[in-house]
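Listed below, chain by chain, are the residues.
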Amino acid sequence: MMATQATQAEAHSSRLTFMEKIGYGFGDAASHIVFDNVMLYMMFFFTDIVGLPAAFIGTMFLLSRCLDAVADPIMGHLADRTRTRWGQFRPFILFGAIPFSIMCVLVYTVPPFDLQGKMIYAAVTYVLLMVLYTFVNIPYCALGGVITTDDRDRMSLQSYRFVLATAGGMLSTVLMVPLANWIGNGNQADGYQGAIAILAVVACVMLFLCFRYTKERVQVKTDYQSSFFRDVKDLVKNDQWRIVAGFTFLNIMAVSIRGGAMMYYVTYVLGSAALFAGFLATYSIGNIFGSALAKKVTDRICKVKVFKYVNLILGLLSIAMFFLPTDSLPIMFGFIFVIGFFHQMITPIQWVMMSDTVEYGERNGGRRLTGISFAGLLFVLKVGLAVGGALIGWILSGVNYQAGAATQSSTAMMGIIAIFTLLPAAAYLLSSLLCRSYKLDRAYLESVQEENEREMA
């Protein structure tokens, strides 16, 4: 095993403090200010405010992941080999906070260029934003795997994380349009730029607080040498990591498709863009309750069973929403609350599963690959995000969506409804089916813990 027995014992027995859980959660709250904006507003911003073709933006989202195929695992490989007086993963959060926040503003800036110049500017700034997101977020996610090895403490940590992450995302997305309207005073481009500038400052402060209040307890020996390609090979050999990668792709694709289509759905299907803030807030409040209850539910029921059946429920709810009468706002708001609740209940579980696969890989292969494991999963996550955005752009183009039009054709309307409901349903149902192959359940982890305690005795 790469970690010393004494370090493992400390990591397992030392209970996390309230401030450490809050501090760790601030890191993802900061990231969600960008992440949720990418899902909910960036497609709409580029098509309806900047005036770029929907098909181009969808393709840009997808092709930008080609860079991530190289950047993400390299970032994980680098993080696994970083040793500083601040720790292994925390320095990236500290030094990436300001550049990350600046790039948030630049990507929401409309340059005085012609259409081709705007397309190039959008592509360059979006790619740079994703690179800086990688620089901060891969070490941040890996940090959750070295704070503690206790499974229940990990679930508590991730529950706090996603309550605060959802609050940060809600702060960003619910306030974005009102702030943009207030700052822009009729100029949407200036308004969006000013709004994200305010939110980016908040994100920067949150990242500094995350660095301040977290502690790395699990230390890994540095007396081994390996190549980048060996790390990748060992990672891909981890069968349980591959399954969690599948979960990650499917679940982020579901939420990114629904989030990216929400502005279109509210504007044209529900009939008023003014409903968007309330609709999104309802979904986000459901997210907060789901995150908060995740640990209580998994204390009673094995998290793998919860993950499987909640994905099934989400798939069925999404299919049902396709057939709902869209003129009944109470029903629509009720459904989006319940979907938000269940989706965010499984998100903390998924991230604990990621940490479990690191322990599993170490136990079976003798090497702890925390950074590159999370880097690989972040890459898969961003691929899911990109595929979701690309599908929205391609389908909108295919159903002849007219950007900025007062009304849409019946074909376009049906396309928007299907994007918002049936596409996420397919992803959730596939995730539930894939769960049958995941074996790191409570019984398995308890047996591993008992064996570790015997070895340390």
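Owing to the predicted nature of the structure, the values given are computational and were not obtained by experimental measurement.

Parameters at a glance
Residues numbered from 1 in each chain as written. Predicted model: local features only at pLDDT ≥ 70, side-chain atom pairs only at ≥ 80, totals over all residues. Heavy atoms only, no water. Helix = DSSP H or I, 4+ residues; strand = E, 2+ residues; numbered from the N terminus. Rg over C-alpha atoms; globule rule 2.2 N^0.38 Å. Buried < 20%, exposed > 50% of the residue type's maximum accessible area, 1.4 Å probe, protein only. Areas by Shrake-Rupley, 256 points an atom, 1.4 Å probe, with all protein chains shown as cover. Polar contact = N/O pair within 3.5 Å; in protein donor to acceptor, adjacent residues only side chain to side chain. Contact = heavy atoms within 4.5 Å. Lys, Arg positive; Asp, Glu negative; His and termini not counted. Salt bridge = Lys/Arg side-chain N within 4 Å of Asp/Glu carboxyl O. Expected span 1.5 Å × (residues − 1). Arc of directions from axis to C-beta. Core = buried A, V, L, I, M, F, W, Y, C linked by side-chain atoms within 4.5 Å.

Caption draft 1: Representation of the overall build of the protein within the structure. For the protein, the helix and strand inventory stands at 15 helices and 0 strands. In terms of overall dimensions, the protein is globule-like: its C-alpha atoms have a radius of gyration of 22 Å, near the 23 Å expected for 457 residues. For the protein, with 457 residues in total, the buried portion stands at 59%. Carbon and sulfur atoms make up 66% of the accessible area of the protein, which amounts to about 17500 Å² in all.

Caption draft 2: The side chain of R258, seen in detail. Inspection of the secondary structure assignment puts R258 in helix α9 (residues 239-269). Judged by its relative accessible area of 2%, R258 is buried. Side chain to side chain, R258 and S318 meet in a polar contact 2.7 Å long. At a separation of 2.9 Å, a polar atom in the side chain of R258 contacts the main-chain carbonyl oxygen of F420. With near-sequence residues (within four places) excluded, R258 lies in contact with S318, M321, I336, I339, F420, T421, P424 and Y428.

Caption draft 3: Focus on the side chain of K118. Position of K118 among the secondary structure elements: in helix α5 (residues 115-143). Here K118 occupies a buried position and makes no salt bridge, while the nearest side chain of opposite charge, D114, is found at 8.3 Å. If near-sequence neighbours (up to four positions away) are discounted, K118 is found in contact with V50, L52, V110, P111 and F113.

Caption draft 4: Main features of helix α11 (residues 303-322). Helix length check: α11, at 20 residues, gives a terminal C-alpha distance of 29 Å against a target of 28 Å (1.5 Å per residue), a fit within 8%. Every buried residue of α11 is listed here: K303, V304, V306, F307, V310, N311, L314, G315, L317, S318 and M321. Seen from one end, α11 has its buried residues packed into an arc of 170°, which puts them on one side. Opposite the buried face of α11, at more than 90 degrees from it, the exposed residues are K305 and L316.

Caption draft 5: Looking closely at the nonpolar core. Of all hydrophobic cores here, the largest spans 144 residues; its most connected members are F46, Y265, F279 and M321. The biggest single contributor to this core is α9, with 19 residues. Not counting residues up to four positions away in its chain, the partners in contact with M321 are R258, Y265, F279, M332, F335, I336, I339, F420 and T421.

Caption draft 6: Structural detail: the pattern of salt bridges. For the structure on display, the rule yields 6 salt bridges. As a salt-bridge pair, D234 and R230 come within 3.5 Å of each other at their nearest N and O atoms. Linking D234 with R230, this pair stays in helix α8 (residues 228-237), spanning 4 residues, or about one helical turn. On the basis of relative accessible area, R230 is assigned to the partly exposed category, the value being 39%.

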